[in-house]
Protein chains: 2
Amino acid sequence: MLDKASLKKIRRIMGKEAMLNTPADVALYGYDATPALDGVAPEAVVFPQRAEQVQSLVQLANQENFAVVPRGAGTGLTGGARPIHGGVVLSTQAMNQILRLDTDNFQVVVQPGVVTGDLQTRVAREGLFYPTDPQSLAVCTIGGNLAENAGGPRAVKYGVTRQQVLALQVVLPQGQLVRMGARTLKTVSGYDLVSLLVGSEGTLGVITEATLRLLPAPACRSTLLMVFDRVDQAAAAVAKTFRAGVWPSAIEFMDRHCIRCIEEHEPAGLPIDAAAVLIVEVDGSRPEVTSAAERVQQVMSEMGARSVQVAQSEAEAEQLWRARRSLSPAVAKIAPLKINEDIVVPLSTLPGVIDAIHALAARQKIKCVCFGHVGDGNLHVNFLADPSSQEEVARAEHAARELFALTVSVGGSITGEHGVGTTKLAYLGMEHAPEALAAMAAIKLALDPRGIMNPGKVLPDELLAKERGSGPAH
Amino acid sequence: MLDKASLKKIRRIMGKEAMLNTPADVALYGYDATPALDGVAPEAVVFPQRAEQVQSLVQLANQENFAVVPRGAGTGLTGGARPIHGGVVLSTQAMNQILRLDTDNFQVVVQPGVVTGDLQTRVAREGLFYPTDPQSLAVCTIGGNLAENAGGPRAVKYGVTRQQVLALQVVLPQGQLVRMGARTLKTVSGYDLVSLLVGSEGTLGVITEATLRLLPAPACRSTLLMVFDRVDQAAAAVAKTFRAGVWPSAIEFMDRHCIRCIEEHEPAGLPIDAAAVLIVEVDGSRPEVTSAAERVQQVMSEMGARSVQVAQSEAEAEQLWRARRSLSPAVAKIAPLKINEDIVVPLSTLPGVIDAIHALAARQKIKCVCFGHVGDGNLHVNFLADPSSQEEVARAEHAARELFALTVSVGGSITGEHGVGTTKLAYLGMEHAPEALAAMAAIKLALDPRGIMNPGKVLPDELLAKERGSGPAH
């Protein structure tokens with residue numbers, strides 16, 4: 001527990017207006033967007049404006065042994081921003097400036113609180129393009145995207161957040177303010193600390209500034225909707241598209257339940273009798289897009305698509321994407337509890353995996369809705385349950401465990417986008433050998449010996465305690 | 001020193017034929033391709049065929065405290081494979097199998113000793129493409145590419161080696177055999193150990209297997225040669241090309257000295273009166289390549305190119321690339337000692353940086369030859385000296401230090417491809433703050449507390465000793 005003296009020190013670092021600590025004020029910061037997790041209110045919430053304030057806070061946390069939990073917009077889906085060991089939530093909300101837009105070098109320097117969608121809009125005005133597009137881009141922040149290594153539909157062509165990062169300024173867990181990476185497209189000067197920090201979910205430091213790479217905006221885009229009567233045909237068409245030499249900027253999949261859900265809640269004219277649809281986007285120069293769209297149509301027809309429709313205008317394309325984006329909220333409407341997993345599997349296993357998912361859901365008598373970024377094998381599998389029935393929730397959780405076993409058995413990963421947070425801690429051992437987890441724990445302990453940064457996330461406390469006990473033989 | 005008993009144990013692990021330890025046999029393994037470094041013969045050289053042998057060796061090294069120095073083809077340029085602290089050189093030469101080519105998932109599983117060029121040839125037969133193309137690709141191995149995070153001309157479009165890696169099997173420094181990553185295009189399940197291992201120059205483990213991503217082979221390529229009368233025009237044309245919405249698969253730069261060097265030693269018809277040339281390659285579908293090549297020609301003419309020539313055949317394109325590849329050996333012919341640096345800088349700084357390089361070389365009265373992958377800002381700067389003159393060598397080294405200071409002052413990195421090895425140890429502190437280097441050291445010590453893996457590389461021994469002394473407060 002933070003005592004009055006500590007709170008006073010924190011307030012001195014942050015300034016009067018930049019700290020909250022009344023129960024009413026801090027309550028909201030006990031949640032993120034993960035369904036069905038109880039709130040765990042922090043002892044204080046701070047809103048630093050400068051890296052030096054973050055540094056002072058983390059130094060104080062080391063002296064007085066309290067947890068620091070970084071928070072972007074709170075859109076995380078695995079409980080990563082919940083202060084489960086108390087302490088201080090560090091909101092990046094007041095560090096929301098685009099510091100430098102360097103059009104000559106295709107780079108932008110941002111503070112962590114910049115909203116992803118705002119960044120995209122800003123750079124688009126210069127004919128540039130920041131590709132990473134998590135579904136929450138209208139509200140989520142670059143800092144959160146970095147912490148979680150966020151993906152999105154366009155990751156299939158442009159990579160995830162990690163691939164966009166050139167350099168970081170970070171406050172490390174012991175309070176060192178450091179820069180890592182360079183203002184260049186590549187560097188091999190020492191260990192790749194940037195890649196380690198990105199995706200570490202706030203457990204290895206607080207990112208206070210990021211230099212991101214930009215691309216020239218594609219001159220042209222085309223969006224296509226393919227309707228299938230069989231799920232396996234849709235799934236198999238994904239790999240075939242790549243084989244045809246087309247690398248789309250998005251390949252999204254929605255199953256029958258998704259289509260119905262959208263049409264019931266926010267009608268978009270999707271065929272409710274279809275087994276599945278694919279939405280494919282290709283981008284690039286005009287001749288490239290024209291040729292790619294033709295090849296996609298041809299492949300999809302060959303693979304048995306019942307219909308192939310090319311959006312004839314920006315508005316038509318936007319309607320398709322709006323339908324896709326409305327899906328997550330629409331699914332939430334039909335079930336009070338949505339256990340939302342985000343497995344990722346090799347492309348060729350998709351048809352079998354989707355089949356097996358429906359079979360395991362049926363065995364557990366649990367409703368299951370599947371959609372996702374199938375172009376990179378990333379399936380969002382939603383098990384729907386009534387939270388008032390403990391027994392039903394238990395069956396849904398059992399289904400999730402079976403899903404992870406299935407995923408790992410085909411060489412996949414239990415999370416492609418959402419991270420581990422707290423909700424996937426129990427499943428990590430299904431994917432990683434004890435020795436690999438021990439190596440991760442050794443890195444965490446080396447950088448954060450006191451366990452200050454976002455404790456209880458990514459790696460189980462028991463694992464860290466064990467690794468601490470065995471310690472390196474220095 | 002390894003005693004007889006230890007050597008016997010090593011021989012038992014490897015098998016009789018797979019260990020060398022006579023002075024004549026091991027002498028060669030004291031060198032890599034770095035100019036002017038003395039040989040440091042290892043005490044033994046081993047040629048394991050299986051990961052389990054690597055594991056047993058590393059376990060023994062931990063028990064008996066000897067160094068293990070992994071070695072690919074020995075083409076490294078910063079002394080990374082030299083066993084400067086003695087011990088055993090672990091050659092991956094006998095682990096040279098392509099284990100699985102998975103065309104459905106655009107993946108290949110390889111052992112570390114597979115030659116990069118051989119892999120490219122093999123996957124090309126299936127219409128697939130492994131983009132990373134270090135200049136030594138005819139002999140260098142994937143294991144070495146992974147250890148150094150190798151680049152090459154195509155990195156500007158396709159990224160460096162790290163971007164091609166999906167999963168690794170690694171023997172960690174304490175002898176744990178682990179898998180990391182997944183057979184998928186993305187994963188956020190725990191810390192990114194894959195990115196940490198790639199580029200760690202053999203100091204954090206031995207990579208015994210890698211799963212690499214492949215791409216559909218581009219249907220078409222076009223290679224263009226642009227001749228400039230002014231270096232600054234050529235340098236400025238690079239950023240302009242991207243601004244025109246073209247992202248070439250290579251943009252190579254050669255200065256006047258390079259051109260003369262090639263024409264003297266392996267004539268390729270380059271104009272010896274030019275100040276600089278750019279070789280640009282664009283790839284993709286036919287319509288895309290046609291349109292991109294047209295835009296490149298237009299930009300280059302606008303930027304003042306004296307002539308723009310499009311290769312009219314595969315043979316003509318190959319002649320240009322052969323000239324580019326012959327450059328390094330040709331430069332070596334004109335000077336007994338070539339200090340070969342590989343800085344990387346932001347694109348917009350290229351014209352000024354190239355100017356400043358020639359100025360600093362002139363101040364030191366040292367011949368200087370510049371070429372490189374300017375599309376990603378990567379300049380190979382060669383200072384030429386007569387090794388029989390200590391004083392001239394000292395001036396060349398002084399020029400190198402000034403070069404690094406210049407590089408860091410514009411936000412660049414002292415090495416874009418070659419790594420730190422031993423030759424850049426003294427300059428690391430110019431780029432990285434002590435706290436960042438201490439973080440790297442903490443990671444090294446956490447994973448390799450006994451300093452078994454390739455000691456003396458990437459991080460200075462003194463730094464590790466200091467960090468070991470301060471150790472984390474477990």
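Residues numbered from 1 in each chain as written. Chains lettered and ligands numbered in written order. Predicted model: local features only at pLDDT ≥ 70, side-chain atom pairs only at ≥ 80, totals over all residues. Heavy atoms only, no water.

Caption draft 1: Inspection of the overall build of chain A at higher detail. Helix and strand counts for chain A stand at 16 helices and 18 strands. Computed over C-alpha atoms, the radius of gyration of chain A comes to 23 Å, within 12% of the 23 Å expected from 2.2 N^0.38 for 474 residues, which places it in the range of a compact globule. Projected onto its principal axes, the C-alpha positions of chain A cover 70 × 60 × 45 Å. Per-residue burial over chain A gives 63% buried out of 474 residues. Taking contacts inside chain A between residues at least 6 apart in sequence as the whole, the part at least 24 apart equals 71%. (Helix = DSSP H or I, 4+ residues; strand = E, 2+ residues; numbered from the N terminus. Rg over C-alpha atoms; globule rule 2.2 N^0.38 Å. Buried < 20%, exposed > 50% of the residue type's maximum accessible area, 1.4 Å probe, protein only. Contact = heavy atoms within 4.5 Å.)

Caption draft 2: Structural view of the pairing of strand β5 (residues 98–102) of chain A. Residue and element names in this part refer to chain A. The pairing of β5 with strand β6 (residues 107–110) spans four bridges and is antiparallel. What sits directly across from arginine 100, in β6, is valine 109. Hairpin connection from β5 to β6: four residues lie between these consecutive antiparallel strands, with phenylalanine 106 at a positive phi of about 55°. (Pairing = 2+ DSSP bridges.)

Caption draft 3: Looking closely at the nonpolar core. If you look at the biggest cluster of nonpolar residues, it comprises 208 residues, and the most contacted ones within it are A:Leu168, A:Leu278, A:Phe383, B:Leu168, B:Leu278 and B:Phe383. For B:Phe383, the contacting residues outside a window of four places in its chain are B:Leu337, B:Lys338, B:Ile339, B:Leu360, B:Ala361, B:Ile366, B:Lys367, B:Cys368, B:Ala396, B:Ala399, B:Ala400 and B:Leu403. (Core = buried A, V, L, I, M, F, W, Y, C linked by side-chain atoms within 4.5 Å.)

Caption draft 4: Structural view of the interface of chain B and chain A. Contact residues are listed per partner, giving 90 residues for chain B and 90 residues for chain A. In total, about 7,100 Å² of surface goes out of reach between chain B and chain A, with carbon and sulfur atoms giving 66% of it. Applying the counting criterion to the chain B and chain A interface returns six salt bridges. Here B:Glu417 ties to A:Lys186 by a salt bridge, and the two come within 3.1 Å at their closest N and O atoms. Where the side of chain B that touches chain A is concerned, the elements lending two or more residues are β9 (177–181), α7 (193–197), β11 (215–216), α8 (231–243), α10 (286–302), α14 (428–431) and α15 (434–447) of chain B. Top element by residues in the side of chain B that touches chain A is α15(B). It accounts for 10 residues. (Buried area = accessible area lost by both parts, 1.4 Å probe. Salt bridge = Lys/Arg side-chain N within 4 Å of Asp/Glu carboxyl O.)

Caption draft 5: Highlighting the packing of helix α12 (residues 350–363) of chain B against helix α13 (residues 390–409) of chain B. Residues and elements named next belong to chain B. The geometry of α12 relative to α13 is characterised by a closest axis approach of 10 Å and an angle of 155° between their N-to-C directions. Judged on the interaxial angle alone, α13 and α12 are roughly antiparallel. With respect to the hand of their crossing, α12 and α13 are arranged in right-handed fashion. Contacts between α12 and α13 involve Val353, Ala356, Ile357, Leu360 and Arg363 from the former and Ala399, Glu402, Leu403 and Leu406 from the latter. Considering only residue class, the contact of α12 with α13 consists of seven nonpolar, no polar and two charged. (Axes fitted to C-alpha atoms, helices over the stretch in contact; angles between N-to-C directions. Parallel < 35°, antiparallel > 145°, perpendicular 65-115°, else oblique. Left-handed = near helix turned anticlockwise from the far one by under 90°. Nonpolar A, V, L, I, M, F, W, Y, C, P; charged D, E, K, R; others polar.)

Caption draft 6: Quick look at the state of the cysteines. With the rule as written, the count across this model stands at zero disulfides over all chains. Free of any disulfide, A:Cys220 has its nearest cysteine sulfur in B:Cys220, 19 Å distant. A disulfide-free cysteine, B:Cys370 has its sulfur positioned 4.0 Å from the sulfur of B:Cys368, the nearest such atom. (Disulfide = S-S within 2.5 Å.)

Caption draft 7: Region of interest: the confidence of the model for chain A. Of the residues in chain A, 99% reach a pLDDT of 70 or more, and the chain-wide mean stands at 95. In the predicted complex, the global pTM is 0.97; the interface-specific ipTM is 0.97. (pLDDT = per-residue confidence, 0-100.)

Caption draft 8: Representation of unusual backbone geometry in the model. The backbone of A:Phe106 shows a phi angle near 55°, a positive value even though the residue is not glycine. Phi at B:Asn65 takes a positive value of approximately 60°, unusual for a residue other than glycine. When you line up the elements, B:Asn65 lands in the loop between α3 (51–64) and β3 (68–71).

Caption draft 9: The arrangement of the sheet that holds strand β14 (residues 276–284) of chain B in detail. All names here are of chain B. Taken in spatial order, the seven strands of this open sheet run β15-β12-β14-β13-β17-β18-β16, and their pairing is antiparallel. Of all strands in the sheet, those bounded by a partner on one side alone are β15 (307–310) and β16 (337–344). Each strand of the sheet is rotated relative to its neighbour by a mean of 15°, with strand direction disregarded. Pairing between β16 and strand β18 (residues 378–385): eight bridges, direction antiparallel. When the bridges of β18 are listed, isoleucine 339 appears paired with phenylalanine 383. In the packing of α8 onto the sheet, the strands contacted are β12 (220–228), β13 (250–255) and β14, and the crossing angle to β14 comes to about 20°. Set on the sheet, α10 makes contact with β12, β14 and β15; between it and β14 the angle comes to about 160°.

Caption draft 10: Looking closely at the side chain of A:Gln164. All names here are of chain A. With respect to the secondary-structure elements, glutamine 164 resides in the loop between α6 (155–158) and β8 (165–171). Only 2.8 Å separates the side chain of glutamine 164 from the backbone oxygen of tyrosine 158, close enough to count as a polar contact. A distance of 3.1 Å separates a polar side-chain atom of glutamine 164 from the backbone oxygen of valine 160. Beyond its immediate sequence surroundings of up to four residues, glutamine 164 is in contact with Tyr130, Pro131, Thr132, Tyr158, Gly159, Thr211, Leu212 and Arg213. (Polar contact = N/O pair within 3.5 Å; in protein donor to acceptor, adjacent residues only side chain to side chain.)

Caption draft 11: Structural view of the packing of aromatic side chains. Overall, the coordinates contain 12 aromatic pairs over all chains when judged by the stated rule. An angle of 75° between the planes, with centres 6.1 Å apart, marks the rings of A:Tyr29 and A:Phe47 as edge-to-face. With a gap of 18 residues between them, A:Tyr29 in the loop between α2 (23–26) and β2 (44–46) and A:Phe47 in the loop between β2 and α3 (51–64) connect regions that are remote in the sequence. Where A:Trp247 meets B:Phe106, the ring centres are 5.9 Å apart and the plane angle is 75°; that geometry is what we call edge-to-face. Of the two residues, A:Trp247 is situated in the loop between α8 (231–243) and β13 (250–255) and B:Phe106 in the loop between β5 (98–102) and β6 (107–110); the pairing between them involves two chains. Note on A:Trp247: relative accessible area 19%, which makes it buried. (Phe/Tyr/Trp six-rings, centres within 6.5 Å; stacked < 30°, edge-to-face > 60°.)

Caption draft 12: Summary view of the sheet that holds strand β4 (residues 88–91) of chain B. Residues and elements named next belong to chain B. Across the sheet, which stays open at both edges, the four strands sit in the order β1-β2-β4-β3 with mixed pairing between neighbours. Each edge of the open sheet is held by one strand with a lone partner, namely β1 (19–20) and β3. Bridge count between β3 and β4: four bridges; the pairing is parallel. In the strand pairing of β4, valine 68 is matched with valine 88. Along the sheet, α3 contacts β2 (44–46), β3 and β4; its crossing angle with β4, the most-contacted strand, is approximately 165°.

Caption draft 13: Region of interest: the relation of the copies chain B and chain A. Of the two same-sequence chains, chain B is brought onto chain A (RMSD 0.0 Å, axial shift 0.0 Å) by a rotation of 180°. The relationship between the two copies is best expressed as a two-fold rotation axis. Relative to the rotation axis, the closest C-alpha in chain B is found at B:Glu288, a distance of 2.4 Å. Same-surface contact between copies: 100% of interface residues of chain B are shared with the interface of chain A. (Least-squares fit on C-alpha atoms with pLDDT ≥ 70 in both.)

Caption draft 14: How the structure looks around helix α12 (residues 350–363) of chain A. Residues and elements named next belong to chain A. A rise of 1.5 Å per residue sets the reference length of α12, with its 14 residues, at 20 Å; its end C-alpha atoms lie 20 Å apart and thus fit the reference within 8%. Those residues of α12 that fall on the buried side of the exposure criterion are Leu350, Val353, Ile354, Ile357, Leu360 and Ala361. The buried residues of α12 occupy an angular sector of 130° when the element is viewed end-on, so they sit on one face. For α12, the exposed residues set more than 90 degrees away from the buried face come down to Asp355, Ala362 and Arg363. Those residues of α12 that are buried are in contact with α8, β13, β16 (337–344), β17 (367–373), β18 (378–385) and α13 (390–409). Residue lysine 365 follows α12 closely and has a positive phi angle near 50°. (Expected span 1.5 Å × (residues − 1). Arc of directions from axis to C-beta.)

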